[in-house]
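If you want the building blocks of each chain, they are given just below.
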Amino acid sequence: MNLLAVLFVSFLLFAIGLAVILVRRQLLFVLMGIEVMTNGAVLAAVAAGQYWHSADGQVLSLFMMLVAGSELAITLLLAMLSYRYLKVSRIDQMNQLQDKLDKEGQLL
Amino acid sequence: MMLWHFVFWLSCAVAVVCSASLLFVRKPMHGAVYLTTAMCALALAFYLLGAPFIAMMQLILYVGAIMVLFVFVIMLSPLQETFPLQLQDRSLWPGLILLILMLLELGALLFGGLQVDPTTPQIIDSKAVGELLFGHYKLAVEAISTLLLAALVGVMYFARHLQRHQERKLPEQQEAK
Amino acid sequence: MTDALVTLPMMHHLLWLIPCAPLLGALLIIALDGLPTRAYGVIANLAVLVSALCVALLWLSGSWDMPVQTAYEWMHIDNWLLDVGFRVDRFTLVMASVSAWVGLLIHLFSTQYMRHDFGERRYFAYLNLFVGGMLLFITADNLILLYAGWEIMGLCSYALVSHYYTKDENVYAGRKAFVTTRIGDTALAIGIFLCFMQFQSLNLESIFQAAPQAPTGMIAAICILFMLGAFAKSAQFPLHVWLPDAMAGPSTVSALIHAATMITAGVYLIARTHVLFDLVPDVRWWVALVGAFTALYASVSAIGQNDIKRILAYSTISQIGYMFAALGVGGYSLALFHLAVHACFKALMFMSSGVIIEIYHHDHDIRNMGGLHKQQKFLSFAYLAGSLALAALPLVTASFYSKDAIIAATYTADHGAFLAGLGLLGALLTGVYSMRMYFMVFTGKARSEIHDYKMTWAMKLPLGILALGSLCLGFIQLPDSWSFGPHLLLPWLEPVLTSVALPEGHAGEMLELLGAAAAVIGILIAWPLTKAEVRSGRGVGNIGFLNKALYIDDLAKVLVIRPFLALCAVLGSVIDGLLLNGVLVAGVRRLMLNAAEVVSRGQGALVSRYVLLMVLGLMLIIGYLTVQL
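Residues numbered from 1 in each chain as written. Chains lettered and ligands numbered in written order. Predicted model: local features only at pLDDT ≥ 70, side-chain atom pairs only at ≥ 80, totals over all residues.

**Examining the overall build of chain C**
Line of reasoning, step 1. Counting its secondary structure elements, chain C contains 25 helices and 2 strands.
Line of reasoning, step 2. Here chain C holds 629 residues, and the buried ones make up 52% of them.
Line of reasoning, step 3. Across chain C, every contact between residues at least 6 apart in sequence was considered, and the portion connecting residues at least 24 apart equals 81%. (Helix = DSSP H or I, 4+ residues; strand = E, 2+ residues; numbered from the N terminus. Buried ≥ 20, exposed ≤ 12 C-beta atoms within 10 Å, placed from the backbone. Contact = placed C-beta atoms within 7 Å.)

Written out as structure tokens, the structure reads:
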């Protein structure tokens, strides 16, 4: 097993996840992109654990999965709420809390 | 060993291709299916990398729990508009260019000067993982369990919010009828 | 001398009172609100009286050889120390006496003169501050304190000249006085900086001790700057233009400015720093030249004036010119002598002129006066004493002894004949204009209505004392060539101000005779001149060239003020309007707005943009790692 090749695959997954976030800009797809990125990171952790013949990599992977799970549980619910209340699905439209300024620098 | 290589790289390729297809699919449900496929492929890869416990966890946690959540949300959400990759959209270019640059850099970083000895994968069983988890990492386990509890409370809170909203909406609809 | 030794320590601790009493008086007048107006006059008088008594006490105790008092330590930077210190030597003592006592008399006179006038309280506050500033200037033992006094006087002159600020031209006159003297202030300030640069000290005594070792060029530069400062403050030739206009203030203010304080400050400054001037005789000679020329120029101008106060103003410029001539040839004690005499008769004449103007219902024009002698005997005699003293009538007036000695002393300098000639010509003309003024006002028939004016003792007493002074002050120092009579002042001042070189033998006697003759001839010319003027209604006052003082003022307007205003307009539109307002202020504002917009766009509440920036950062980090490996 070549560690560098596996690492490259994991980076590739990470980059694909990032690309999904950048391109799709839709709440559900952004969350999916985040999952892909997390999976890439998990792959890297497992491969590194195998390289050193240590169980630490697997423990780290487990933690990552758990964190991703709890994060998703909340964010998915929030996504649903935003669909319901704000009627938006693109993340760029979720900027209701920003201040808008006019040309003279006054708050609108 | 030959077989190992074949199956491992094949599963990696499946994971990468399925992930990449997320860029192009039109419907969220299709995306969820592709993502599930990618996760199953990754579970196979984990197994081949000598981590059967993590492979099982991948299946149980990701495929069994998270993806199910996804599917539920997709089914419950009313919005269907999607924005697949369109290269004509110029606002996407800077991000994609940056990503490609980053990958090139990564390639240069990984295959430029680093020398790593190839190893043969060995099974690291769940016993070793468990010993480490509840020995050395017991504090982290506590922290993670607290996080899970917090997530649970949060979800319950938001869910109640959702519920109340629906209850408030129902009488209005009845009156309208 | 024994009792002098007893009182010396006491006086040593009272030096601070000399300048501080009037300053405190001013402070009291400002601070105490709601008193009856008369009370402010009383406070002012008492404050100056304290100073005057302190000075008198110094005389009585005989402590005139350098008592120094350090009131407190003002600044202490590293090993450089600046004290608030006062010192008195013989020269300072004479000067302080003149300022304090003449100032006191003017204060006393003001109590009646300014009663029911306009802004009495403000007037007395500034009057006190003025005297305090002058005394601070005189008694200071370092240049910073001296400069402080100098600037206080500048401020007070501005405030008092524009005392009747409801009229535009009075305010203009005050501004003119302030701005013109400011030229000199700046020069003096730079001179003080140079002093500090050269000597690392501002204490007068240490500067004087270190001066002989200093490079001549530096000393010359310092002297020229001090000279410019003195010229502006004392209204010498090119910078005299402010003084005739400064007549806009009350007459008592003119008396104070001309006799006791501001104008004499320039003379005092040069005499004070005479150690430096002695090192560069070439620079000092220019002081003499400017002084002698001013003496002549101002007396020529004075002949053509019809305004009684303008005549007096030009006469002051002329008399101060004589003092500068004396300073320029090293006759410091002569300058001081003439200063004291001049203080007496000029204060007398200005205060009298104030009364005269009141009597003629605020008309300044001497052509509309006349015949006052019969109504105001006392005033007439007092004014006659002053006029004769100004004209320097031989033997009986003090000015004869002081002024002619100056003319004689100028003869000993380089090109002495030229300087003395200027002085003599000026003396002749002085006789003319001084007596013309007297004759026009007091003799003949009244050419306009004379109002009743009753002078109280508070007015008569100062006038009487000053008249006596203008006649008799000269007897303390008869000419050196006279073997008889007292020679008190010059030898007494010699340890401080060095001795005066006077021409030997026939030249000296000739000059004395010439000086006396010039004064007498001038007085004799004045009588027919006045008669002719009264009869025909046209006289020297109608000659525009003389009346406008050789058009110097107008020349200054064309040469200095107009280009300056044009420059101001250009700077205002280009620098201020375009560069500062347009580019700097508005530009910075626009820059900030645009920058803020760029930043807020970058923030923009757009998640995808955050992600983009994150990717950029990630790329940079990985790039850094790649390069590192």
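**So, helix α4 (residues 93–112) of chain B**
Residues and elements named next belong to chain B.
Line of reasoning, step 1. Between the first and last C-alpha of α4 there are 27 Å, a value that for 20 residues agrees with the 28 Å anticipated at 1.5 Å per step.
Line of reasoning, step 2. Where α4 is concerned, the buried positions are G95, L98, L99, M102, E105, L106 and L109. Taken end-on, α4 shows its buried residues confined to a sector of 125°, consistent with a single buried face. Exposed and oriented more than 90 degrees from the buried face of α4 are W93, I97, F111 and G112. (Expected span 1.5 Å × (residues − 1). Arc of directions from axis to C-beta.)

**Concerning the interface of chain C and chain B**
Line of reasoning, step 1. Counting from both sides, the interface comprises 10 residues of chain C and, opposite them, 12 residues of chain B.
Line of reasoning, step 2. The residue makeup of the side of chain C that touches chain B, split by class, is 8 nonpolar, 2 polar and no charged. (Nonpolar A, V, L, I, M, F, W, Y, C, P; charged D, E, K, R; others polar.)

**Observations regarding the UniProt feature "transmembrane region" (unreviewed entry) in chain B**
All names here are of chain B.
Line of reasoning, step 1. With numbering aligned to this structure, UniProt lists the feature "transmembrane region" (unreviewed entry) at residues 6–25, 32–53, 59–79, 91–111 and 139–159.
Line of reasoning, step 2. The distance from the first to the last C-alpha atom of residues 6–25 is 28 Å, and the span holds 80% helix and 0% strand.
Line of reasoning, step 3. Regarding residues 139–159, the helix share stands at 100% and the strand share at 0%, and the terminal C-alpha atoms are separated by 30 Å. (UniProt positions renumbered as here; feature names shortened; annotations may be inferred.)

**What about the interface of chain B and chain A?**
Line of reasoning, step 1. The interface of chain B with chain A comprises 70 residues on the first partner and 58 residues on the second.
Line of reasoning, step 2. Elements with a contribution of two residues or more to the side of chain B that touches chain A: α1 (2–21), α2 (28–48), α3 (52–76), α4, α5 (126–134) and α6 (138–176) of chain B.
Line of reasoning, step 3. Across the side of chain B that touches chain A, the residue classes tally to 57 nonpolar, 12 polar and 1 charged.

**What about the environment of C:A391?**
All names here are of chain C.
Line of reasoning, step 1. With respect to the element layout, A391 can be found in helix α17 (residues 377–391).
Line of reasoning, step 2. For A391, a count of 30 C-beta atoms within 10 Å gives the class buried.
Line of reasoning, step 3. Not counting chain neighbours up to four residues away, the residues in contact with A391 comprise T430, G431, S434, M435, A519, G522 and I523.

**Section: the pairing of strand β1 (residues 68–77) of chain C**
Residues and elements named next belong to chain C.
Line of reasoning, step 1. The buried fraction of β1 amounts to 1 of the 10 residues, a small share that puts the element mostly on the outside.
Line of reasoning, step 2. Note that β1 and strand β2 (residues 80–87) share 8 bridges and pair antiparallel. Note that in β2 the partner of Q69 across the bridge is F86.
Line of reasoning, step 3. Hairpin connection, β1 to β2: the antiparallel pair is bridged by 2 residues, and D78 has positive phi, about 55°. (Pairing = 2+ DSSP bridges.)

**Digging into the packing of helix α4 (residues 90–113) of chain C against helix α20 (residues 457–472) of chain C**
All names here are of chain C.
Line of reasoning, step 1. Where α4 contacts α20, the axes come no closer than 8 Å and their chain directions differ by 150°. Relative to α20, the element α4 is oriented roughly antiparallel. The two elements α4 and α20 cross, and the hand of that crossing is left-handed. Packed against α4, whose contacting residues are L105, L108, F109, T111, Q112 and Y113, the element α20 presents A458, M459, L461, P462, I465 and L466 at the interface.
Line of reasoning, step 2. Here the residues of the contact of α4 with α20 sort into 10 nonpolar, 2 polar and no charged. (Axes fitted to C-alpha atoms, helices over the stretch in contact; angles between N-to-C directions. Parallel < 35°, antiparallel > 145°, perpendicular 65-115°, else oblique. Left-handed = near helix turned anticlockwise from the far one by under 90°.)

**With respect to the confidence of the model for chain B**
Line of reasoning, step 1. On average, residues of chain B score 85 in pLDDT, and 88% of them reach the 70 mark or higher.
Line of reasoning, step 2. The lowest-confidence element of chain B is α6(B), averaging 80 in pLDDT; the highest-confidence one is α1(B), averaging 93. (pLDDT = per-residue confidence, 0-100.)

**Here we look at the nonpolar core**
Line of reasoning, step 1. Judged by nonpolar contacts, the single largest core of 214 residues is most densely connected at C:L336 and C:A347.
Line of reasoning, step 2. If you tally residues by element for this core, the top one is helix α16 (residues 332–359) of chain C, at 19 residues.
Line of reasoning, step 3. Listed in part, the 86 residues of the second largest apolar core include A:V9, A:L27, A:V42 and A:A47. (Core = buried A, V, L, I, M, F, W, Y, C linked by C-beta atoms within 7 Å.)

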